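For reference, the chains in residue letters:
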Amino acid sequence: MYLLKTEATFDSAHFLRGYNGKCANLHGHTWRVEVTVGSDTLTASGEQRGMVIDFADLKKAVRNLADRFDHTLIYESGSLRDATLSALEAEGFSLTAFPLRPTAEHFAAYFYQELAQRLPVRRVAVYETPENCAVYEED
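In this text, all values refer to a predicted model and were calculated from it rather than measured experimentally. For every chain, the first residue of its written sequence is number 1, and the numbers climb from 1 along that sequence. Where local features are concerned, this predicted model is filtered to residues with pLDDT of at least 70; where side-chain atom pairs are given and counted, the filter is 80 or more; whole-chain, interface and lining totals use all residues. In computing side-chain values, all of the structure's heavy atoms are included and hydrogens and water are not.

Caption draft 1: Structural view of the overall build of the protein. What the protein contains, in helices and strands, is 3 helices and 6 strands. Based on the C-alpha atoms only, the size of the protein along its principal axes is roughly 55 × 30 × 25 Å. Residues are treated as being in contact if the distance between any of their heavy atoms lies within 4.5 Å. When contacts within the protein are restricted to residue pairs at least 6 apart in sequence, those whose partners lie at least 24 apart make up 62%. Carbon and sulfur atoms provide 47% of the accessible area of the protein, an area that totals close to 8,300 Å². For the charge count, each Lys or Arg is scored as positive and each Asp or Glu as negative, with His and the chain ends excluded. Every charge is mapped onto a representative atom, which is NZ of Lys, CZ of Arg, CG of Asp or CD of Glu. One finds the centroid of the 14 positive side-chain charges in the protein at a distance of 1 Å from the centroid of its 20 negative side-chain charges. Secondary structure is summarised from DSSP: a helix means a run of H or I of at least four residues, a strand means a run of E of at least two, and numbering begins at the N terminus for each. Methods summary: accessible areas were calculated by the Shrake-Rupley approach with a probe of 1.4 Å, and residue burial reflects only the protein chains presented.

Quick look at the structure:
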């Protein structure tokens with residue numbers, strides 16, 4: 001198995017609705033997304049001969065996805081009142097609704113599923129701090 005790995009970071013704020021602890025409050029992270037792709041074989045011919053995938057293409061795909069979340073408030077759909085959303089939008093804040101609770105676990109699965117549509121993804125790790133990460137991989 002040949003494995004390639006790349007990473008991207010994004011800065012964002014979030015909170016965990018219904019959580020009994022500090023993370024119920026609005027706070028931010030520098031998230032680090034580490035994506036591993038792999039294949040049993042390498043490309044046999046053409047420009048990408050001897051490669052699993054061109055690193056440039058891999059980095060671009062991961063960076064483009066991470067950029068969707070950069071410098072925004074990521075909130076779980078339905079977790080903020082309409083008046084709150086309207087006030088934040090009126091102030092010009094960048095808001096990103098996420099269909100699930102915005103946890104590292106859900107981000108890892110989200111990045112995996114989005115990237116696996118076009119890349120041979122093996123695993124995704126999402127670090128919300130330098131020491132703590134969630135990993136998602138499928139069998």
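Caption draft 2: Main features of the sheet that holds strand β2 (residues 27-39). Only strands joined by at least two bridges in the DSSP assignment are considered to pair. One open sheet accounts for 6 strands, arranged β4-β3-β1-β2-β5-β6; its pairing is mixed. Two strands in the sheet have a free side with no partner beyond their single neighbour: β4 (95-98) and β6 (133-136). Neighbour to neighbour, the strand axes of the sheet diverge by 35° on average, direction disregarded. Two strands pair when backbone bridges link them, and β2 and strand β5 (residues 121-127) are joined in this way by 6 bridges, in the antiparallel orientation. Along β5, the bridge assignment pairs Val 37 with Val 121. Helix axes use the C-alpha atoms of the stretch in contact, all axes being lines fitted to C-alpha atoms, and the angles between their N-to-C directions lie in the range 0 to 180 degrees. Against the sheet, helix α1 (residues 55-67) touches β1 (2-14) and β2, its axis set at about 20° to β1. Helix α3 (residues 104-115) rests against β1, β2, β3 (72-76), β4, β5 and β6 of the sheet, and its axis sits at about 150° to β5.

Caption draft 3: Region of interest: unusual backbone geometry. For His 71, which is not glycine, the phi dihedral falls at a positive 50°. By the element assignment, His 71 lies in the loop between α1 and β3.

Caption draft 4: View of the pattern of salt bridges. The rule for a salt bridge is simple: a side-chain nitrogen of Lys or Arg has to be within 4 Å of a carboxyl oxygen of Asp or Glu. Scanning the model with the defined rule gives 5 salt bridges in all. With a shortest N-O distance of 3.0 Å, Arg 32 and Glu 7 are connected by a salt bridge. Of this pair, Arg 32 sits in strand β2 while Glu 7 sits in strand β1, and the two are 25 residues apart along the sequence. Relative accessibility decides the category of a residue: with a 1.4 Å probe and only protein chains considered, values under 20% of the type maximum give buried, values over 50% give exposed, and everything between is partly exposed. Look at Glu 7 and you get partly exposed, because its relative accessible area is 43%. Notably, a salt bridge pairs Glu 34 with Arg 32, separated by 3.5 Å at the nearest N-O pair. Of the residues examined, Glu 34 reaches a relative accessible area of 9% and is grouped as buried. The exposure class of Arg 32 is partly exposed, given its relative accessible area of 23%.

Caption draft 5: A look at the layout of surface pockets. Within this scheme a cavity is a closed region of a 1 Å grid, computed over the protein atoms alone, that accommodates a 1.4 Å probe without allowing it to escape, whereas a pocket is open but has protein on both sides within 12 Å along at least five of seven lines; lining residues each have an atom within 4 Å of a point. Grid points are joined across faces, edges and corners, and a volume is the space filled by probe spheres set on the points. Looking at the largest pocket, its volume works out to about 170 Å³. Taken together, 13 residues form the lining of the largest pocket, with Ala 13, Leu 26, Leu 73, Leu 88 and Leu 95 sitting closest to its centre. Contributing elements (two or more residues each) for the lining of the largest pocket: β3 and α2 (82-90). Three residue categories are used. Nonpolar comprises Ala, Val, Leu, Ile, Met, Phe, Trp, Tyr, Cys and Pro, charged comprises Asp, Glu, Lys and Arg, and polar comprises the others, including Gly. Residue composition of the lining of the largest pocket, by class: 9 nonpolar, 4 polar and no charged.

Caption draft 6: Here's a closer look at the pairing of β5. A large share of β5 lies buried, amounting to 5 of its 7 residues. In this structure, β5 lies alongside β6, joined through 4 bridges in antiparallel fashion. Its bridge partner being in β6, Tyr 127 is matched across the sheet by Cys 133. The antiparallel hairpin formed by β5 and β6 contains 5 residues in its connecting segment.

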